[in-house]
Amino acid sequence: EWVKPNNCGLFCKHMAINNSLEDNIHPNEGMSPNFVGWKMFFVVGGKGLTGSAIIRLLKNEEIEYQIIQRENKKDFFGKSCDVLIYANGNPLRYKANEDPFFDFKASVESVAEYIHNIDCKLFVHISSIIVYDKINSKETTKENITINVERLDNYGYHKILAENYVKKYSKN
C-alpha cells in the first residue's frame with residue numbers, strides 16, 4: 001500500500017512501522033515507532049534534509065544504520081539490509097527544468113541503481129508532492145487520483161517516473 005502522510009509532501013511504501021513516515025520523523029511525545037524485526041537500515045541521502053531527520057530517529061531508537069552518499073555508494077553495492085530508505089535525488093526543481101538529463105539521472109537512474117545493486121527486505125522511496133499536476137487541495141493529491149503527466153514540469157515528471165520504477169522493480 002502506498003501512503004501520503006498527512007501535512008507532508010513525502011511519499012513512501014507503507015512500512016507497518018506506524019501509520020505514516022511523518023509519524024516516524026516527527027513522533028508525538030510518548031510515541032515510539034515499532035521497529036521490531038528490522039535490524040539494519042541503509043539511508044541513501046542520510047546527510048540531506050529529510051535523510052538527516054530519519055538518521056536522528058534511528059539514532060534515538062538505537063537502531064543500527066549506515067549512511068550512503070554519492071562518495072561511498074559503491075561500497076554498499078552487493079550488500080544487503082532490512083530497510084533501504086531512499087531520501088535522495090535532485091532536490092532542485094529549477095535545475096530539473098534547466099537540465100532535464102541531469103535531473104533524469106539524479107532522480108530516476110539513481111533510484112534504479114540502488115534497487116538493482118542493494119538487496120533489501122523493504123525499499124522506502126521518499127518522493128515529492130510535485131508528482132501531482134494539481135497540488136492546491138487534499139482532494140487533488142490523493143493516491144487514487146489520476147495524474148495528467150502532460151501537465152508536470154521536468155521535476156514532477158521525473159519524480160513520478162522514479163515512483164513508478166520503484167513500484168515495478170522493487171521486490172517489496
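You'll find the structure just up there.
Remember, it's a predicted structure, so these values are computed and weren't measured experimentally.

Caption draft 1: The arrangement of the overall build of the protein in detail. Across its full length, the protein carries six helices and six strands. Along the protein, helices and strands appear, N-terminal first, in the series β-β-α-β-α-β-α-β-α-α-β-α. Considering the protein as a whole, with its 172 residues, one finds that 44% of them fall into the buried category. Taking the contacts inside the protein whose residues are at least 6 apart along the sequence as the reference set, 63% of them involve residues at least 24 apart. Counting only carbon and sulfur atoms, one obtains 47% of the accessible surface of the protein, whose full area is about 9,600 Å².

Caption draft 2: A look at unusual backbone geometry. Residue glutamate 62 is not a glycine yet carries a positive backbone phi of 55°. As for its placement among the helices and strands, glutamate 62 is situated in the loop between helix H2 (49–60) and strand S4 (64–68). With a relative accessible area of 76%, glutamate 62 lands in the exposed category.

Caption draft 3: How the structure looks around the nonpolar core. Counting residues in each nonpolar core, the largest one holds 17 residues, and the members touching the most others are Phe42, Leu84, Ile118 and Phe123. Elements represented by at least two residues in this core include exactly strand S3 (40–44), strand S5 (80–86), helix H5 (100–117), strand S6 (119–125) and helix H6 (154–169). Looking at this core, the element that brings in the most residues is H5, giving four residues. Excluding residues that lie within four positions of it along the chain, leucine 84 makes contacts with Phe42, Val44, Ile118, Cys120, Leu122, Phe123 and Val124.

What counts and what doesn't
- Each chain has its residues counted from 1, following the order in which its sequence is written.
- Reporting in this predicted model follows two pLDDT cut-offs: at least 70 for local features of residues, and 80 or more for side-chain atom pairs to be given and counted; totals over whole chains, interfaces and linings ignore these cut-offs and use all residues.
- Computation of side-chain values: all heavy atoms of the structure, hydrogens and water removed.
- Runs of E in the DSSP output that reach at least two residues are strands. Runs of H or I that reach at least four are helices, and both are numbered from the N terminus.
- Here's how the labels work: a residue is buried when its accessible area is under 20% of the maximum for its type, exposed when over 50%, partly exposed in between, all with a 1.4 Å probe on protein chains only.
- Contact definition: two residues touch when any of their heavy atoms are within 4.5 Å.
- Each accessible area is a Shrake-Rupley result for a 1.4 Å probe, and residues are judged covered by the shown protein chains and nothing else.
- The criterion is simple. A nonpolar core is a set of buried Ala, Val, Leu, Ile, Met, Phe, Trp, Tyr and Cys residues joined through side-chain atoms within 4.5 Å.

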